[in-house]
Amino acid sequence: MLHQHSPSIITNIATVAVFASLALATNYALIGIPNVKLMDALVFLAAFLFGLRIGVGVAASTWVVYGFINPQGSADLILLSFLITGECFYALAGAGLRKTTIAQDLLEFGRFSGRFSLAFGTVGLLATLAYDVLTNFASWLFRTTSLYDSLIIGLITGAPFALLHEISNLILFATAAPAAIIAAKRFSRTNLAETRVL
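Quick look at the structure, then.

### Side note on the overall build of the protein
When you go through the protein residue by residue, the secondary structure sums to seven helices and zero strands. Relative to the 2.2 N^0.38 estimate, which gives 16 Å for 198 residues, the radius of gyration of the protein is 18 Å and therefore close to what a compact globule would have. For the protein, the C-alpha atoms occupy an extent of roughly 65 × 35 × 30 Å along the three principal directions. Every one of the 198 residues in the protein was classed for burial, and the buried ones make up 40%. Residue pairs at least 24 apart in sequence account for 71% of intrachain contacts in the protein once pairs closer than 6 positions are excluded. Accessible surface computed for the protein: about 11000 Å², of which carbon and sulfur atoms make up 71%. Averaging the coordinates of the 11 positive side-chain charges in the protein and doing the same for the 9 negative ones gives two points 13 Å apart.

Below you can see the structure in the form of structure tokens.
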């Protein structure tokens, strides 16, 4: 018999599939707005709510599909590996933040406050900075004569898109992420109460 805190492989696969589907649907819906995506926040939420493995699964499965089936062009395997690695930064951020006292306070009190926005926004911004540095570097990796040149050219040419990505993620992580966590906690409590009644 499975324990309540030990989800089955099928449950984990279904959770990854749901989050990846949401990420893909919102990516395609927002395709006309460069670097404004809900995917990063969804990967973060998956890891925060369900653990690092689920978050990494969502990051990898979303990019495998989005990297190849993309109206703006598909990624080669090398760039795709960097994109997946960079997306996993959000999973690490979600799983890491989940272990902090501020996350415990959010889950315990279930109310939104400025300190949660500051903490979640900062974590989202830092993960996005790391993602942008890595992926902008990777974009130029085999087109320049040195790793240093790849980094500098990638940072300079990617700056406008990175800035838009960082601002949009700062806002999403500061507002939507804590709100989604509170909603998930309330739904979980409601769902458990309804199950007990049945």
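### Describing the packing of helix α1 (residues 9-29) against helix α2 (residues 39-50)
Running from N to C, α1 and α2 point in directions that differ by 165°, and their axes come no closer than 9 Å. The orientation of α1 relative to α2 falls into the category roughly antiparallel. For the pair α1 and α2, the sense of crossing is right-handed. Residue-level inspection shows Thr 15, Phe 19, Leu 22, Ala 23, Thr 26 and Asn 27 of α1 in contact with α2, the latter providing Met 39, Leu 42, Leu 45, Ala 46 and Phe 50. Classifying every residue of the contact of α1 with α2 gives eight nonpolar, three polar and no charged.

### Considering the nonpolar core
Formed by 41 residues in total, the largest nonpolar core has its most connected members in Phe 44, Phe 48, Trp 63 and Phe 120. Elements with a minimum of two residues in this core: α1, α2, α3 (52-68), α4 (77-98), α5 (101-109), α6 (114-139) and α7 (147-197). Excluding residues within four positions of it along the chain, Trp 63 makes contact with Met 39, Phe 68, Leu 80, Leu 83, Ile 84, Glu 87 and Tyr 131.

### Points about the side chain of Thr 26
Here Thr 26 lies in helix α1. Overall, Thr 26 belongs to the buried group, its relative accessible area being 18%. One polar contact links the side chain of Thr 26 to the main-chain carbonyl oxygen of Leu 22, over a distance of 2.9 Å. If we ignore the near neighbours within four places in the chain, the residues touching Thr 26 are Leu 38, Met 39 and Leu 42.

### What to know about the pattern of salt bridges
Within the structure shown, the criterion is met by one salt bridge. The residue Arg 115 makes a salt bridge to Asp 105 at a minimum N-O spacing of 2.7 Å. With Arg 115 in helix α6 and Asp 105 in helix α5, this pair connects stretches of sequence that are 10 residues apart.

### Observations concerning the packing of α4 against α6
Axis separation between α4 and α6 bottoms out at 9 Å; the angle between their running directions is 165°. The angle between the axes of α4 and α6 places the two elements in the roughly antiparallel class. Crossing handedness for the pair α4 and α6: right-handed. Where α4 approaches α6, its residues Leu 79, Phe 82, Leu 83, Thr 85, Gly 86, Glu 87, Phe 89, Tyr 90, Ala 93 and Leu 97 are matched on the opposing element by Phe 120, Val 123, Gly 124, Ala 127, Thr 128, Ala 130, Tyr 131, Leu 134, Thr 135, Phe 137, Ala 138 and Ser 139.

### Overview of the environment of Ala 174
Summarising the element assignment, Ala 174 is placed in helix α7. Judged by relative accessible area, Ala 174 falls into the buried class, the value being 15%. Expressed as a C-alpha distance, the spacing of Ala 174 and Thr 122, which sit 52 residues apart in the sequence, is 7.8 Å. Setting aside anything within four residues of it in sequence, one finds Ala 174 in contact with Phe 112, Ser 117, Phe 120 and Gly 121.

Conventions adopted
Residues numbered from 1 in each chain as written. Predicted model: local features only at pLDDT ≥ 70, side-chain atom pairs only at ≥ 80, totals over all residues. Heavy atoms only, no water. Helix = DSSP H or I, 4+ residues; strand = E, 2+ residues; numbered from the N terminus. Rg over C-alpha atoms; globule rule 2.2 N^0.38 Å. Buried < 20%, exposed > 50% of the residue type's maximum accessible area, 1.4 Å probe, protein only. Contact = heavy atoms within 4.5 Å. Areas by Shrake-Rupley, 256 points an atom, 1.4 Å probe, with all protein chains shown as cover. Lys, Arg positive; Asp, Glu negative; His and termini not counted. Charge placed at Lys NZ, Arg CZ, Asp CG, Glu CD. Axes fitted to C-alpha atoms, helices over the stretch in contact; angles between N-to-C directions. Parallel < 35°, antiparallel > 145°, perpendicular 65-115°, else oblique. Left-handed = near helix turned anticlockwise from the far one by under 90°. Nonpolar A, V, L, I, M, F, W, Y, C, P; charged D, E, K, R; others polar. Core = buried A, V, L, I, M, F, W, Y, C linked by side-chain atoms within 4.5 Å. Polar contact = N/O pair within 3.5 Å; in protein donor to acceptor, adjacent residues only side chain to side chain. Salt bridge = Lys/Arg side-chain N within 4 Å of Asp/Glu carboxyl O.

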